[in-house]
Amino acid sequence: MPRVSTRRTTLRFFYVPVMLFFSLLIGCSNFRPAQTDARDQRPYISILAPLHFPQQPSQEVIAELEGLTGAELDIRWVPEGVYTDKMNTALTTNSLAKVTFVKFTDYSLVKNAIKSGEFWEIEPYLDQFPNLSKLNPSILQQTAVEGKIYGLYTERPSSRQGIIIRKDWLENLHLKEPQSLDELYEVLKQFTYNDPDQNGKQDTIGLVDRNDLVYGVFKTLSSYFGTPNNWELAGGEFIPEFETEEYMDTMNFMKKLYDERLINQDFALTSKELQRDSFIRGYAGVYIGSMTDAQRLSIEAHAVNPKVELALINRIKGPKGYKVWSIPNYNGLYLFSKKAIATEEELKQVLAFFDRTMDKDVANLMMYGVEGRHYEIVDGKVILPEETSRLRVDEVNPLYSLMIANVSNENILEVAQKEELTELAERLSEDNESFLVADPTVHLSSDTYDEKNAELSQIITDATYNYILGKITAEGFKQETLKWRQNGGDLIIQEYREALEREQIREHE
């Protein structure tokens with residue numbers, strides 16, 4: 001690929017046309033109907049999207065994105081920790097943007113709205129676009145509702161879950177990286193009571209968690225214990241994960257951490273932002289979650305303490321060997337509101353924007369930023385210098401949320417040299433593929449689950465926290481699982497069993 005002049009790229013980056021910048025400022029206001037001003041025929045596209053970083057992408061990069069795609073973007077960024085609530089509010093108040101992101105874990109919450117006709121079915125239009133027509137049919141089918149396709153998927157590896165740990169603390173205490181649950185417990189204990197930062201004070205804890213049983217500590221730890229991923233399929237019957245012995249073992253382990261004060265005592269109320277801050281500032285030595293967070297955590301921790309060193313661990317041996325929970329190869333969908341997008345022609349304009357984001361120039365802007373400022377190209381490959389890592393975090397990386405099907409997009413340039421922790425996280429995520437635990441209901445549907453999962457899952461969430469905090473006994477927890485069954489859980493199990501039987505019949509026809 002011929003190299004674009006760094007000077008020309010940099011000038012284009014900093015001297016954004018006034019009209020583009022002005023329209024961006026306008027776009028940050030409330031959502032409004034499509035533009036009709038003859039002076040500006042660009043399609044207006046409002047998007048509700050999650051923000052996984054401390055700040056929004058820079059206005060200069062957004063303006064560059066607008067310039068390349070020919071669209072006026074009104075992106076309403078919502079912090080990931082409160083995204084589900086904001087998305088639900090927009091759904092229930094009928095005030096959705098033209099395009100709304102729905103997390104995989106929240107998809108059941110909107111399926112009834114999809115079935116009632118609130119969102120456009122997009123499958124009939126995909127073949128009209130050069131990039132969208134190449135989307136993975138298998139992943140599209142994983143997202144289908146009653147056999148129809150409504151969303152553009154954001155592509156992700158099956159599992160990026162693992163442990164981010166203070167390597168310098170391990171070295172200070174002459175400890176090796178934990179490889180089993182027992183060794184992990186011992187490290188957490190030493191990090192809490194043996195002065196790992198060597199400041200002469202007992203002011204650290206082993207593990208920091210947040211109020212999220214899925215993407216926080218619990219579900220990853222649970223998979224290490226051998227807990228099934230949401231459901232276990234045994235003898236044609238579906239058993240919910242929280243009725244298994246392994247789930248109880250996980251709760252007991254977490255309760256032990258809580259009772260011995262090896263974990264933050266307010267974890268059930270802690271936001272993701274506060275969890276990250278505790279790790280960054282050296283209050284906690286272990287962070288369990290997405291390993292791809294390591295590079296950003298390292299950058300921010302170094303700003304506080306330049307001596308910080310982090311290590312990544314993806315293999316923790318449990319009673320059943322190595323296990324880690326997985327998601328389908330999408331972690332969310334962009335859906336298209338029929339109320340906000342009034343016509344088929346307007347829908348095509350919005351789809352054309354997403355199709356354009358998969359082209360080489362736009363996809364690489366969203367992935368890496370601006371050449372000469374955020375990255376370099378040598379021999380046709382991307383170089384991501386360590387010294388520009390902070391710039392990418394602050395100005396570019398939040399745009400990852402807008403990228404669809406990026407893992408398999410051949411237009412994205414190959415990286416010749418990545419930041420050390422980023423490269424390691426990707427390599428360990430690939431290693432996770434060898435011991436994944438899949439959810440056996442991913443390809444099945446249950447109307448009761450779609451309708452009642454939010455309220456039913458809250459029963460189990462509350463019971464899990466209350467057990468760990470010592471507010472209820474094992475018998476009390478069992479009573480809550482019976483409540484789950486009586487209020488719709490049994491019907492969900494029946495519907496999944498019937499859906500599996502129908503699928504097996506189709507396979508044998």
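This text goes with the structure placed above it.
Reading the values: rules and limits
Residues numbered from 1 in each chain as written. Predicted model: local features only at pLDDT ≥ 70, side-chain atom pairs only at ≥ 80, totals over all residues. Heavy atoms only, no water. Helix = DSSP H or I, 4+ residues; strand = E, 2+ residues; numbered from the N terminus. Buried < 20%, exposed > 50% of the residue type's maximum accessible area, 1.4 Å probe, protein only. Lys, Arg positive; Asp, Glu negative; His and termini not counted. Salt bridge = Lys/Arg side-chain N within 4 Å of Asp/Glu carboxyl O. Contact = heavy atoms within 4.5 Å. Phe/Tyr/Trp six-rings, centres within 6.5 Å; stacked < 30°, edge-to-face > 60°. Lys NZ or Arg CZ within 6 Å of the ring centre and 35° of its normal. Polar contact = N/O pair within 3.5 Å; in protein donor to acceptor, adjacent residues only side chain to side chain. Pairing = 2+ DSSP bridges. Axes fitted to C-alpha atoms, helices over the stretch in contact; angles between N-to-C directions. Expected span 1.5 Å × (residues − 1).

## Side note on unusual backbone geometry
The phi angle at His174 is positive, at roughly 60°, despite the residue not being glycine. Following the sequence through the fold, His174 ends up in the loop between helix H8 (167-172) and helix H9 (181-193). Note on His174: relative accessible area 74%, which makes it exposed. The phi dihedral of Arg261 falls on the positive side, at around 60°, and the residue is not glycine. Its location among the elements puts Arg261 in the loop between helix H11 (245-259) and helix H12 (272-280).

## A look at the side chain of Asp355
Position of Asp355 among the secondary structure elements: in helix H14 (residues 344-356). Buried Asp355, no salt bridge; nearest opposite-charge side chain is Arg356, N-O distance 7.7 Å. Among all residues touching Asp355, those that are not within four sequence positions of it are Phe129, Pro130, Asn131 and Leu132.

## So, the packing of aromatic side chains
Inspection of the entire model under this criterion finds 23 aromatic pairs. These aromatic residues form a ring-pair network of at least three members: Tyr83, Phe101, Tyr334, Phe336, Phe353 and Phe354. In this structure, Lys338 is placed above the aromatic ring of Trp120, and the distance from its NZ or CZ to the ring centre is 5.6 Å.

## Looking at the side chain of Asp168
If you trace the backbone, Asp168 turns up in helix H8. Within the structure, the side chain of Asp168 is placed 2.7 Å from the side chain of Arg166, a separation counted as a polar contact. Once you skip the residues sitting within four places of it in the chain, Asp168 turns out to touch Lys307, Val308 and Glu309.

## Regarding the sheet that holds strand S10 (residues 310-313)
Think of a sheet as strands paired side by side through backbone hydrogen bonds, with each pair either parallel or antiparallel. Spatial strand order, S6-S9-S5-S10: four strands in an open sheet with mixed pairing. Both outer strands of the open sheet, strand S6 (205-207) and S10, are each paired with one neighbouring strand and no more. Strand-to-strand twist across the sheet, computed as the mean angle between neighbouring axes with direction ignored, equals 20°. Examined bridge by bridge, S6 and strand S9 (residues 284-290) share two bridges and lie parallel to one another. When the bridges of S9 are listed, Leu207 appears paired with Val286.

## Some thoughts on helix H4 (residues 80-92)
Helix length check: H4 (13 residues) gives 19 Å between terminal C-alpha atoms against 18 Å at 1.5 Å per residue, within 8%. With its phi angle positive at about 55°, Asn94 sits one or two positions after the end of H4.

## Focus: the pairing of strand S7 (residues 231-234)
Two elements, S7 and strand S8 (residues 237-240), share four bridges in a ladder whose sense is antiparallel. Looking at the pairing, Glu232 lines up with Ile239 of S8. Turn length for the S7-S8 hairpin, with the two strands adjacent in sequence and antiparallel, is two residues, and the turn residue Gly235 shows positive phi of about 60°.

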